Amino acid sequence: MKEYKKYIIIGVFTVVIVLGAILINGLINSGVFRKNVDKQAEVTTIITTTNTTSETTTKKIIVVEIKGEVYYPGVYEFEKDEVVVQDVINMAGGLTKKADTSFINLAEVVENHSSITIGTYDTVSYVLKENETYQKVNINTCTIDELITLDGIGETKAKNIISYRKNNGFFSSIEDIKNVEGIGESLYQKIKDHITV
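Residues numbered from 1 in each chain as written. Predicted model: local features only at pLDDT ≥ 70, side-chain atom pairs only at ≥ 80, totals over all residues. Heavy atoms only, no water.

Caption draft 1: Local environment of the overall build of the chain. From N to C terminus, the chain includes six helices and six strands. For the chain, the succession of helices and strands along the chain, N to C, is α-α-β-β-α-β-β-β-α-α-α-β. With 197 residues in all, the chain has 27% of them scored as buried. A separation of at least 24 residues holds for 43% of the contacts in the chain among residues at least 6 apart in sequence. (Helix = DSSP H or I, 4+ residues; strand = E, 2+ residues; numbered from the N terminus. Buried < 20%, exposed > 50% of the residue type's maximum accessible area, 1.4 Å probe, protein only. Contact = heavy atoms within 4.5 Å.)

Here it is, written out as structure tokens:
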């Protein structure tokens, strides 16, 4: 009888060990014991993915100001490698009916932190790079080449201005330029904001 009990205990113990081994094997296969390892792998994957994403989403940003004869003057940002004047005009809603772009290159590449001014038929359009300021033409010291940069001043009128200056001395005010042959009130109104003495 004692021997019989001994075999029963050994049998039960063997069954428990076999069932325990099956249970542990099932848990391992179902991933319960690998959860922590998998989480660590997931974290590593997320970190790697995040690093890759931040590298690929870094884009060049160009900031440009536009004012004057556009519908929505202001400061605009572009996520592009290259921006031209026309891009900025389009972003600002386009040109008003009074706009005159005949003296500006719409295909000119705009640098970061540039400022664009769109003028009318009475004023001049121009693009200033960062830290540049608009330079007025000094009619007392300018050359012919500088004068012909003014809207409506060709070589003949520029020579007349230089000649008048030589014969009569320096201009005492910008209004005196109207004394030059060929420069009337309408032309003066066009250039008055762009000249100085």
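Additional details are given in the paragraphs that follow.
Caption draft 2: Summary view of the pairing of strand S2 (residues 74-78). Relative to S2, strand S1 (residues 62-68) runs antiparallel, the two sharing five bridges. Pairing of Val-64 across the sheet is with Tyr-76, part of S2. Linking S1 to S2, which pair antiparallel, is a turn of five residues. (Pairing = 2+ DSSP bridges.)

Caption draft 3: Geometry of the side chain of Asp-100. For Asp-100, the location among the structural elements is in the loop between helix H3 (85-91) and strand S3 (114-118). Apart from residues lying up to four places away in sequence, Asp-100 is in contact with Gly-119, Thr-120, Tyr-121 and Ser-125.

Caption draft 4: Geometry of the side chain of Glu-69. As for its placement among the helices and strands, Glu-69 is situated in the loop between S1 and S2. A polar atom in the side chain of Glu-69 sits 2.6 Å from the side chain of Thr-96. Setting aside anything within four residues of it in sequence, one finds Glu-69 in contact with Gly-94, Leu-95, Thr-96, Lys-98, Ala-99, Ile-118, Gly-119 and Thr-120. (Polar contact = N/O pair within 3.5 Å; in protein donor to acceptor, adjacent residues only side chain to side chain.)

Caption draft 5: Molecular detail of the pattern of salt bridges. Following the criterion strictly, the structure yields six salt bridges and no others. The residue Glu-111 makes a salt bridge to Lys-129 at a minimum N-O spacing of 3.8 Å. Remark: Lys-129 occurs in the loop between strand S4 (126-128) and strand S5 (137-138) and Glu-111 occurs in the loop between H3 and S3; sequence separation between them is 18 residues. A relative accessible area of 43% means that Glu-111 is categorised as partly exposed. One salt bridge in this structure joins Lys-190 and Asp-151, with 4.0 Å as the shortest N-O distance. In this pair, Lys-190 sits in helix H6 (residues 185-191) while Asp-151 sits in the loop between helix H4 (144-147) and helix H5 (155-168), placing the two residues 39 residues apart along the sequence. (Salt bridge = Lys/Arg side-chain N within 4 Å of Asp/Glu carboxyl O.)

Caption draft 6: Inspection of unusual backbone geometry at higher detail. Of note, His-113 is a non-glycine position whose phi angle comes to about 65 degrees, a positive value. Mapped onto the elements, His-113 comes out in the loop between H3 and S3. On the accessibility criterion, His-113 (42% relative accessible area) is partly exposed.

Caption draft 7: Region of the structure containing H5. Taking 1.5 Å of rise per residue, 14 residues should cover 20 Å, and H5 covers 20 Å from first to last C-alpha, within 8% of that figure. Among the residues making up H5, those that are buried are Ala-158, Ile-161, Ile-162 and Arg-165. What you see down the axis of H5 is that its buried residues fit within an arc of 90 degrees, all on one side. Exposed and oriented more than 90 degrees from the buried face of H5 are Thr-156 and Asn-167. Where H5 is buried, its residues touch H4. Backbone geometry just after H5 places Gly-169 at a positive phi near 85 degrees. (Expected span 1.5 Å × (residues − 1). Arc of directions from axis to C-beta.)

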